[in-house]
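# An overview of the molecular structure
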Amino acid sequence: MRQMEDPVQLKEEGNKYFQADDYENAINSYTKAMKLTKDKSLQAVLYRNRAACFLKKESYAQAASDASRAIDINASDIKALYRRSQALESLGKLDQAFKDVQRCATIEPRNKNFQETLRRLGAKIQEKLHVQFSTDARVQNMFEILLDGNSEKEKREKAANNLIVLGREEAGAERIFQNNGVKLLLQLIETKNAEMILAAVRTLSGMCTGHRARATAILHLLGVDKICMWMAVDNEEISMAVCNLLQVITDSLSGEGEKEEHGKEAALVLDTKKDLKMITMHLLDMLVSKKVSGQGRDQALNLLSKNIPRKDLRIPDNSRTIFVIDSGLKKILKVVGQVPELPNCLPLTENTRMTASILLNKLYDDLRCDPERDNFREICEEYIKSKVDPQDMDKTLHAVQTVSGIMQGPFDLGNKLLGMTGVMEMMVALCGSEREIDQLVAVEALIHASTKLSRATFIITNGVTLLKEVYKKTKNEKIKIRALVGLCKLGSAGGTDYGLRQFAEGSTEKLAKQCRKWLCNTSIDIRTRKWAVEGLAYLTLDADVKDDFVEDKPALEAMFELAKTSDKTILYSVASTLVNCTNSYDVKELVPELVQLAQFSKQHVPEEHPKDKKDFVLKRVKRLLKAGVISALACMVKADSAILTDQTKELLARVFLALCEDPKDRGTIVAQGGGKALIPLAIEGTDVGKVKASHALAKIAAISNPDIAFPGERVYEVVRPLVSLLNTERDGLQNYEALLGLTNLSGRSDKLRLKIIKEKALPDIENYMFENHDQLRQAATECMCNLVVNKEVQERFVADGNDRLKLIVLLCGEDDVKVQNAAAGALAMLTAAHKKLCHKMTQVTTQWLEILQRLCLHEKVEVQHRGLVVAYNLITADQELAKKLVECEMLEILTLVGKQADDSKKQHVINVARECLVKCMDYGLIKPLSQA
């Protein structure tokens, strides 16, 4: 049917829509009417009415605009004035809103609503002014204290902390910004005082967080070059704080972690691509500048690692990666190829080259097609060729070191580069050089080249001879260790397969013994001792070696101490060694039929070492715990660096899961901070790693006191990983332990129960209550028993059209006592909370009465108690329900229990039965019993 074209009828139609809460159609009707009428008074009414719709839709700017148009036509339109006032108040324009209500109160002085709004707005304005002025004064006062060189140290520290806190609050950040604060913060940085610089940088970080406009303005006021200059200083704390500032600015410019913005902020559309590109260019320039400290270089690499490659490969746009490869790949290669022992080396930390290798790997992985990968390879080849110079040994050394670094990143690419004409020849020549630094670099390159056995054929044929030669000849311990690690790597080529060994029986143990000796020798530098762990990472694939290693407590403790040092390049080796010692790697199960077939066709069949059986593994786990493995793991997880890769996180998660296997050990793990350390591993990393860490968390959450295992707010972060285990892709044990963990958490507080609901766990928990598997059904029912305390969960049972209550009632009739007990507990709480559920219970199944009677006669006191509480709830809910119970055998059961002599073990049960009988007497359904 076509719309009516009469404006008055359209207005009436709009009014009907408005009364039916259909604001969208009401707006359409009023808008059509506006176009059709020239009558000013009707237009005023239409604008006023449309303003009311926009108010309901919380479109305050449009509501204020429409109300203003109505007021332009009729200045004393009281409804329009009041609506504009409401809209302006919501937009934060309190003084303008106050003026409008003032006009309303002048027109209708007796209107209590106007008087009340005036009072409320007046108080709000006073409060805002007070906050504004006090904030202005506080800001001014803080800067005066901080910039006054004579003020007391304690006062300055307090002012610095207050400033940081203020910068994190929206109002405070805005006041600092408006009051020339950025310039004053710049003055603080220029004092060259480390504490002042940190305070200023952290305040700026707070001001830029989640606020694109302010972050852009601050970036331009400070200048990227200045920020990068601060990050380049040789002070770890300052360098990290400035890195955080740049990360916050980058997040705000790219729209990540944005706060809800209203009003003018939302209207500003800022093109931030130019600024982001400028930051990237400056970071790339930092990589090759001699003026930049090792710390600064690490932070620049970390920022590039975090922000350039795509976070999700399904996003088609990888233009940032392409830009960095075209503009800066050679700069990254220069860092990778640095040789610390040479005089012209850039300032580095122990982690710089590894961080650069990881960045290369991330960039290479972010490429989408072969032409892009070919371009990457060609740039690398061209760079390496430009460094090969037979006349300049140092330059050639840089070329080999670059190949070595690439092999620690994108290995396949490094392997191709090894095949370049002259590269292997250079490595062989360097091995035979008289200069120790040449041998050192060549041996490290050989080690990295032999990472993957199938690709390392050249190394296997020539490497062993080369390395043995170097090992015998050299007097330098540093080179000796590295040559040995190369031999260890080649020696472990058979992996965990006991039957495949490169070396003669017993030589693997000899190599391992030598590694352990060096590991414990504190007179050797850390960088060299690290290689001893690298060797063990390969040798511990051998069961004899891992068994000997865990028996050697000093060697274990030496490895754990190394894991806690600032050199984070060791993380992967330590994690690999621990995975080997705990046998937490994936083992392919052998199908007997296939084994027979392989033997018949004379194929090699992998063999398991006797010391890789379960009881040996458990013993090793106990020894590791005793030696303090948890504190080392907790320290490793905290590494805020690109070196803690997703692969390393997965290895750490595997180790944690193996350590949590025995419930008796979980208390030790919690006491040493293992619970907290697992949370980040369950949230970030590979899919496998997250599942393993979540499972370990579930094991801890199932039996530990959550307040101790996950102190403070951390306990809320545990919920999501546990819920992630509640799906059919996970195995039964993971489902079961996750349910136990959630049961434990849901028994702690309503805030935790709400978090579980928010993570959408309820449908999954309900599904497991239908499971055929007894333990899963029991765990899910116990979890629901704790959750029904929550009002939101109760509402789901009260809602019409679902079988939730029926399921609980039927579970009360199960043979499994634990399921019965949990279901009866849930039913007792539900019927106590809602009378409607008492009635509903009698309608969901014809068996309800029989089930209830069984509960009330149960041999287990706790189940009987819960059944009697359900009966009491029904009786107190309604006289008719009480009558139903009295008219059947239930009265006999209540009388039987209630007449029992007092008994301290069962008193709570007897008391409930007596209360039921008293209530029935009150209703007049039964007569008081005459005392015998």
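It should be noted that the structure appears before, not after, this text.
This write-up is about the structure you can find in this document. Because the structure is predicted, anything quoted here is derived from the model rather than measured.

On to the pattern of salt bridges. Two side chains with opposite charge may pair up if their charged atoms get near one another. In this structure the tally under the stated criterion is 47 salt bridges. In this structure, the salt-bridge partner of Lys553 is Glu557, at a minimum N-O distance of 3.9 Å. Placement of the pair is Lys553 and Glu557 together in helix α30 (residues 553-563), with a separation of four residues, close to one helical turn. The partly exposed category is assigned to Glu557, whose relative accessible area is 34%. The closest approach of N and O atoms between Lys622 and Asp662, which form a salt bridge, is 2.6 Å. Residue Lys622 is located in helix α33 (residues 614-626), and its partner Asp662 is located in the loop between α35 (646-659) and α36 (666-671); the two are separated by 40 residues in the primary sequence. Here Asp662 falls in the buried class, since its relative accessible area comes to 18%. Here the residues in one salt-bridge network are Glu341, Glu444, Arg482 and Arg527, joined through shared partners.

Positionally, Thr191 belongs in the loop between α10 (181-189) and α11 (194-208). Note on Thr191: relative accessible area 35%, which makes it partly exposed. Distance from Thr191 to Leu147, taken between C-alpha atoms, is 8.4 Å for residues 44 residues apart in sequence. Here the side chain of Thr191 touches Leu188 through a polar contact of 2.5 Å, landing on its backbone oxygen.

A few words on helix α13 (residues 224-231). For an α-helix, the turn length of 3.6 residues means that residues three or four places apart are oriented alike. Those residues of α13 lying buried are Val224, Ile227, Cys228, Trp230 and Met231. The buried residues of α13 occupy an angular sector of 155 degrees when the element is viewed end-on, so they sit on one face. Residues of α13 that are buried sit in contact with α10, α12 (212-222), α14 (236-253), α16 (273-287) and α17 (294-307).

The next subject is the side chain of Gln864. Counting through the fold element by element, Gln864 comes out in helix α50 (residues 861-877). Within the local environment of Gln864, its side chain forms a polar contact with the backbone oxygen of Cys856, the two atoms lying 3.0 Å apart.

Applying the stated criterion across every chain yields a total of three aromatic pairs. Residues Tyr82 and Phe114 carry aromatic rings whose centres are separated by 5.3 Å and whose planes lie at 50 degrees to one another, so their mutual orientation is tilted. Of this pair, Tyr82 sits in helix α5 (residues 78-90) while Phe114 sits in helix α7 (residues 112-147), and the two are 32 residues apart along the sequence. The residues Tyr82 and Phe114 share a single accessibility class, namely buried. Lys480 extends its terminal NZ or CZ atom over the ring of Tyr471, reaching a point 4.7 Å from the ring centre. Between the NZ or CZ atom of Lys619 and the centre of the ring of Phe616, over which it lies, the distance is 5.5 Å.

Before going further, it helps to spend a moment on the side chain of Thr686. Looking at the secondary structure, you find Thr686 in the loop between α37 (674-683) and α38 (687-703). A polar contact is formed between the side chain of Thr686 and the backbone nitrogen of Gly689, at a distance of 2.9 Å. Not counting chain neighbours up to four residues away, the residues in contact with Thr686 comprise Asp646, Gln647 and Glu650.

Membership of the largest hydrophobic core comes to 263 residues, with the highest contact counts inside it found for Phe376, Leu519, Leu633, Ile765, Met784 and Leu852. Apart from the residues lying within four places of it in its own chain, the contact partners of Leu852 are Met841, Gly867, Val870, Ala871, Leu874, Leu885 and Met890. The next biggest cluster of nonpolar side chains, apart from the first, holds 32 residues, and it includes Ala26, Ile27, Phe54 and Leu81.

Rules behind the numbers
- Residues numbered from 1 in each chain as written.
- Predicted model: local features only at pLDDT ≥ 70, side-chain atom pairs only at ≥ 80, totals over all residues.
- Heavy atoms only, no water.
- Salt bridge = Lys/Arg side-chain N within 4 Å of Asp/Glu carboxyl O.
- Helix = DSSP H or I, 4+ residues; strand = E, 2+ residues; numbered from the N terminus.
- Buried < 20%, exposed > 50% of the residue type's maximum accessible area, 1.4 Å probe, protein only.
- Polar contact = N/O pair within 3.5 Å; in protein donor to acceptor, adjacent residues only side chain to side chain.
- Arc of directions from axis to C-beta.
- Contact = heavy atoms within 4.5 Å.
- Phe/Tyr/Trp six-rings, centres within 6.5 Å; stacked < 30°, edge-to-face > 60°.
- Lys NZ or Arg CZ within 6 Å of the ring centre and 35° of its normal.
- Core = buried A, V, L, I, M, F, W, Y, C linked by side-chain atoms within 4.5 Å.

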